[in-house]
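Single-letter residue listing:
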Amino acid sequence: MNRNPKADDFASVTAAELQTFEHNLDRAIASGGQVLMTLSAGRTTANLAAAVGQKGAERLASALQGLLTARGHVVDAHRYFERDARAMGMDWNLFAPLEDKDGSTMPDQPTRASAGA
């Protein structure tokens, strides 16, 4: 197949930016999770009533759910970008070493036991 250096450059820049976006989402999720852990442990350590911070914690948990949903959409988009790039013979590894996906670009599939849950 004929190489298209401009297409490879485009694919490589896009892949690097997508990886950064995914990592930023992971950091945001981890950071929010840490805040929830601090709230829960701190409330107990400070001997505060269970109601203290409850509404804020619920809002934070909701925000985390939104981030997880967004991350899922990005992972799914990644799969489509990779499929299209492969079909067009693009090389997206020109500018930086990217994560080794080890065949893990397919979305999680529910197990038989949890599919109806």
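Residues numbered from 1 in each chain as written. Predicted model: local features only at pLDDT ≥ 70, side-chain atom pairs only at ≥ 80, totals over all residues. Heavy atoms only, no water.

1. Focus on the overall build of the protein
Item 1. Along its length, the protein carries 2 helices and 0 strands.
Item 2. Here the protein holds 117 residues, and 18% of them are scored as buried.
Item 3. At a minimum sequence separation of 6, the contacts of the protein that also span at least 24 residues come to 82%.
Item 4. Taken as a whole, the protein presents about 8700 Å² of accessible surface, with 59% of it coming from carbon and sulfur. (Helix = DSSP H or I, 4+ residues; strand = E, 2+ residues; numbered from the N terminus. Buried < 20%, exposed > 50% of the residue type's maximum accessible area, 1.4 Å probe, protein only. Contact = heavy atoms within 4.5 Å. Areas by Shrake-Rupley, 256 points an atom, 1.4 Å probe, with all protein chains shown as cover.)

2. Here we look at the pattern of salt bridges
Item 1. Within this structure, the stated rule accounts for 5 salt bridges.
Item 2. Measuring nitrogen to oxygen at the nearest pair gives 3.8 Å for the salt bridge that ties Lys55 to Glu58. Of this pair, Lys55 and Glu58 are both found in helix α2 (residues 54-87), 3 residues apart, which corresponds to roughly one turn of the helix.
Item 3. Judged by its relative accessible area of 62%, Lys55 falls in the exposed class.
Item 4. Judged by its relative accessible area of 37%, Glu58 is partly exposed. (Salt bridge = Lys/Arg side-chain N within 4 Å of Asp/Glu carboxyl O.)

3. A word on unusual backbone geometry
Item 1. Backbone geometry at Asn47 places phi at a positive 60°, although glycine is not the residue there.
Item 2. Examined against the element boundaries, Asn47 turns out to sit in the loop between α1 (5-45) and α2.
Item 3. Here Asn47 falls in the exposed class, since its relative accessible area comes to 70%.

4. Some remarks on the environment of His78
Item 1. As for its position among the elements, His78 is in helix α2.
Item 2. A residue is classified by how much of its surface remains accessible, and His78, at 17% relative accessible area, is buried.
Item 3. Spatially, the C-alpha atom of His78 lies 9.5 Å from that of Glu22, the residues being 56 residues apart in sequence.

5. Description of the packing of aromatic side chains
Here the distance between the centres and the angle between the planes together describe a pair of aromatic rings.
Item 1. Under the definition given, this model contains 0 aromatic pairs.
Item 2. The side chain of Arg79 reaches across the aromatic face of Tyr80, ending 4.7 Å from its centre. (Phe/Tyr/Trp six-rings, centres within 6.5 Å; stacked < 30°, edge-to-face > 60°. Lys NZ or Arg CZ within 6 Å of the ring centre and 35° of its normal.)

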